[in-house]
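Tertiary structure, described
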Amino acid sequence: MSIKDNIDPTRLPQHIAVIMDGNGRWAKGLGKLRVFGHKNGVSAVREVLEGAIEIGIPYLTLYAFSSENWNRPKLEVRALMELLISSLTKELKTFQKNGVRLNAIGNLSDLPQNIQKTLTETIEATRNNSKCTLTLALSYGSRVEIIDATKKIAAQLAQGTITAEDITESLFSQHLYTADLPDPDLMIRTSGEQRISNYLLWQMAYTELWFSPKMWPEFNRNDLYEA
Ligand code: FPP
């Protein structure tokens with residue numbers, strides 16, 4: 001019996017959030033450059049997305065680029081952006097075939113123009129797909145997201161369109177980047193690090209956490225099923 005056969009389909013998570021960690025260390029272990037790790041990280045993204053679709057996970061959210069990642073060497077940032085654009089362009093066909101709807105959260109206006117354009121086009125092209133919503137967190141930081149939501153609510157308060165009593169958990173959630181997504185019920189982080197790293201702090205109030213010792217490029221669909 002495979003791990004997959006042991007999964008109870010009635011108890012599947014609806015939303016899995018992932019921190020893909022360990023690309024750099026994996027590459028270093030092989031005597032290669034960090035960028036080699038990111039390239040192989042894309043194969044793991046494909047593997048996990050296919051695995052999630054295979055068992056019927058409707059929402060998958062990947063931490064692809066944090067707001068802190070801008071502090072990495074320029075060359076690495078550029079390589080990550082190029083990987084993102086080439087992956088989106090290459091995967092559009094498979095997104096359509098597999099019913100994947102692309103979504104993005106984060107401070108997207110920080111991204112280079114060509115990335116914003118490709119993202120918008122891919123999101124638009126896949127908007128009617130309904131099997132799995134793949135959300136990429138890009139230039140994302142949870143504290144900034146919470147502050148952004150607070151500012152939007154404060155503006156409404158100042159205009160008098162809402163009162164202080166209207167500010168509930170539900171109203172607050174509706175002002176986050178994730179307004180259209182259910183809260184994650186499972187968060188997976190690879191590479192043995194056991195931290196949240198400013199990822200979906202509000203949304204993960206009740207989320208179960210799963211830490212895998214594997215580096216992200218080694219993570220495969222069976223590891224997903226095990227989680
Ligand atoms: C963490 O490893 C990983 C990242 C910062 C980037 C993850 C991005 C990808 C896998 C490519 C994105 C592409 C798509 C299509 C979503 P690390 O560099 O922090 O590893 P380390 O902790 O070993 O240094």
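Procedures and definitions
The numbering scheme is per chain: residues are counted from 1 as the chain's sequence reads. With the structure being a predicted model, the display of local features is reserved for residues of pLDDT at least 70 and the display and counting of side-chain atom pairs for 80 or more, all residues being used for whole-chain, interface and lining totals. The side-chain numbers reported here are obtained from all heavy atoms of the structure, hydrogens and water having been left aside. To qualify as a helix, a DSSP run of H or I must reach at least 4 residues; to qualify as a strand, a run of E must reach at least 2; elements of each kind are numbered from the N terminus. A helix is expected to reach a length of 1.5 Å times the quantity of its residues less one. The bend at a residue is defined as the angle formed between two axes, one fitted to the seven residues ending at that residue and one fitted to the seven starting there. Remark: exposure states derive from per-residue accessible area (1.4 Å probe, protein chains only) relative to the maximum for the residue type, with buried under 20%, exposed over 50%, and partly exposed in between. By definition, residues are in contact when any of their heavy atoms lie within 4.5 Å. Of the grid points, spaced at 1 Å and generated over the protein atoms alone, those admitting a 1.4 Å probe that cannot get out make up cavities, while open sets with protein on both sides within 12 Å along at least five of seven lines make up pockets; any residue with an atom within 4 Å of a point is treated as lining. Grid points are joined across faces, edges and corners, and a volume is the space filled by probe spheres set on the points. Side-chain classes are defined by residue name, with Ala, Val, Leu, Ile, Met, Phe, Trp, Tyr, Cys and Pro counting as nonpolar, Asp, Glu, Lys and Arg as charged, and the others, Gly among them, as polar. Paired strands, in this sense, are two strands between which DSSP finds at least two bridges. In this description, a line fitted to the C-alpha atoms serves as the axis of each element, helices being fitted only across the stretch in contact, and the angle between N-to-C directions of two axes falls anywhere from 0 to 180 degrees. To pair, rings of Phe, Tyr and Trp, with the six-membered ring standing in for Trp, must have centres within 6.5 Å; the planes then decide the type, stacked if under 30 degrees apart, edge-to-face if over 60, and tilted in the middle.

Re helix α3 (residues 74-98)
Taking 1.5 Å of rise per residue, 25 residues should cover 36 Å, and α3 covers 34 Å from first to last C-alpha, within 8% of that figure. Within α3, the axis deviates most sharply at Glu-91, by approximately 45°. Looking only at α3, the buried set comprises Glu-76, Val-77, Ala-79, Leu-80, Met-81, Leu-83, Leu-84, Ile-85, Ser-87, Leu-88, Glu-91 and Phe-95. Buried positions along α3 lie against α2 (34-55), β2 (59-66), β3 (100-105), α4 (113-125) and β4 (132-140). Phi turns positive, to about 70°, at Gly-99, one or two residues after α3.

Overview of the layout of surface pockets
In this structure, the largest pocket encloses a volume near 930 Å³. What lines the largest pocket is a set of 41 residues, and nearest its centre among them are Met-20, Asn-23, Tyr-63, Ala-64 and Phe-65. Broken down by secondary-structure element, the contributors of at least two residues to the lining of the largest pocket are α1 (23-29), α2, β2, α3 and β4. Counting residues per element, the lining of the largest pocket draws most heavily on α3, which supplies ten residues. Partitioned by chemical class, the residues of the lining of the largest pocket number 19 nonpolar, eleven polar and eleven charged. In this model, the second largest pocket occupies a volume close to 410 Å³. As for the second largest pocket, its lining consists of 17 residues, of which Arg-11, Leu-12, Pro-13, Leu-186 and Ala-227 are closest to the centre. Those elements that place two or more of their residues in the lining of the second largest pocket are β6 (208-211) and α7 (221-226).

Considerations on the sheet that holds β4
Strand order in this open sheet of six strands is β3-β4-β2-β1-β5-β6, and the pairing throughout is parallel. In this open sheet, the two edge strands, each paired with only one partner strand, are β3 and β6. Adjacent strand axes in the sheet meet at a mean angle of 20°, parallel and antiparallel pairs treated alike. Pairing analysis gives six bridges linking β3 to β4, with the strands arranged parallel. In the sheet register, Val-100 faces β4, and the bridge partner there is Cys-132.

Some points on the packing of aromatic side chains
In the structure shown here, the tally under the stated rule is eight aromatic pairs. Considering the side-chain rings of Tyr-63 and Tyr-140, the 5.7 Å spacing of their centres and the 80° angle between planes classify their relative orientation as edge-to-face. Linking Tyr-63 in strand β2 with Tyr-140 in strand β4, this pair joins segments that are 77 residues apart in sequence. Both residues of the pair, Tyr-63 and Tyr-140, count as buried. Look at Trp-216 and Phe-219: their rings are 5.5 Å apart centre to centre, the planes differ by 20°, and that puts the pair in the stacked class.

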